[in-house]
Amino acid sequence: MPSTSYLDARIGSSITIGTGVSQWTSQSGNVNYTEGTGSAQAAYNLTGLDGNPAVVFDGVNDRLIATRTCGVFTRIFLVKTAASGFLFGSANVYLWTGSGSTFEVSRGAGLISGKNIAGGWLNNNKAKIVIWRFDGTHAGHQVLVNGIVKTATTNGGNNANPGTGTVSATVGIMTRGVTGTGYLNGALSYFRDFDYVLTQDQIDNEVKFILSNFLPTALLNSSGLPILDANQDLTY
């Protein structure tokens, strides 16, 4: 499936090292993620996420950023963190682990879709496949963990339908664009960014790919999908 960004830490040639990771080159040939300041460059660790190569962010000022035209989307992460902060975002479109709107898309005054998830959904120091998708509507704005939709406990700032219009913005991995707040301490092994909404079958295939290539000891059901515990975490 074509994607705007396809970052895979197993591909060492995609990682450019300055002081730390100065560029993570997309395998799709499209949007790369960069950081020019050496002190803000994350580390490349060959065993950084459950024995897998990963880019590891310190939660102080490490980040990778790019300019993206954001409309509808599906974003997929293989991540592990025990901290609070932004997993991804810009000033107006973000996904994070703290209180308030856990994930939000804003297209201006009154055009905001924000939802909250109960605390601990991400930051319990376990490897997770996180899928964030948005189809322009509040109902179609979802976060899935390990293939399962997380139930939103409450709405965030608004429950409007922001629409499918595109906005160009600076986005960040493990931070919120260039705002300099909410840096997330954690490891990222895999990231894909699509300019369309993946179906459940497509998401299931992505989950299977990640499990077989990064987490092959995870227990699977007869359909090849993960067997999860009561917290929707992977079992081994």
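Bear in mind the structure is a predicted one, so any value in this text is a computation, not a measurement. Starting from 1, residues in each chain are numbered consecutively following that chain's sequence as written. Side-chain atom pairs in this predicted model are given and counted only at pLDDT of 80 or more, local residue features only at pLDDT of at least 70, and totals for whole chains, interfaces and linings cover all residues. Only hydrogens and water are set aside when side-chain values are computed; all heavy atoms of the structure are taken into account.

What follows covers the pairing of strand E12 (residues 112–116). Relative accessible area decides the class of each residue, using a 1.4 Å probe on protein chains only: under 20% of the type maximum gives buried, over 50% gives exposed, and in between gives partly exposed. For helices the rule is a DSSP run of H or I covering at least 4 residues; for strands it is a run of E covering at least 2, with both sets numbered from the N terminus onward. In terms of burial, E12 is largely enclosed, as five of its five residues are buried. Neither face of E12 is open: one carries Ile-112, Gly-114 and Asn-116, the other Ser-113 and Lys-115, and all of them are buried. One ladder, built from four bridges, connects strand E11 (residues 103–106) with E12; its direction is antiparallel. Looking across to E12, one finds that Phe-103 is bridged to Lys-115. By definition, two strands form a pair when at least two bridges between them are found by DSSP. Linking two consecutive strands that pair antiparallel, namely E11 and E12, is a turn of five residues; a positive phi of about 120° is found at Gly-108 within it.

Moving on: the packing of aromatic side chains. Under the pairing criterion, centres of Phe, Tyr and Trp rings, with the six-membered ring standing for Trp, must be within 6.5 Å; the plane angle then separates stacked pairs below 30 degrees from edge-to-face pairs above 60, leaving the rest tilted. In this structure the tally under the stated criterion is 14 aromatic pairs. Geometrically, the ring pair formed by Phe-73 and Phe-134 is tilted, given 5.8 Å between the ring centres and 35° between the ring planes. One end of the pair, Phe-73, is in strand E8 (residues 73–81); the other, Phe-134, is in strand E13 (residues 128–134), and 61 residues separate them in sequence. What makes Phe-134 buried here is its relative accessible area of 0%. A ring pair is formed by Tyr-190 and Phe-214, whose centres lie 5.8 Å apart and whose planes are at 65°; its orientation type is edge-to-face. One end of the pair, Tyr-190, is in strand E18 (residues 185–194); the other, Phe-214, is in helix H1 (residues 200–214), with 24 residues separating them in the sequence. As far as the burial class goes, Tyr-190 and Phe-214 line up, both buried. Arg-10 extends its terminal NZ or CZ atom over the ring of Phe-214, reaching a point 4.6 Å from the ring centre. Geometrically, a lysine NZ or arginine CZ counts as sitting over a ring once it is within 6 Å of the ring centre and also within 35 degrees of the ring normal.

As for its placement among the helices and strands, Phe-88 is situated in strand E9 (residues 86–89). Between the alpha carbons of Phe-88 and Leu-78 there is a distance of 12 Å; along the sequence they are 10 residues apart.

Read these as geometric descriptors, not functional statements.
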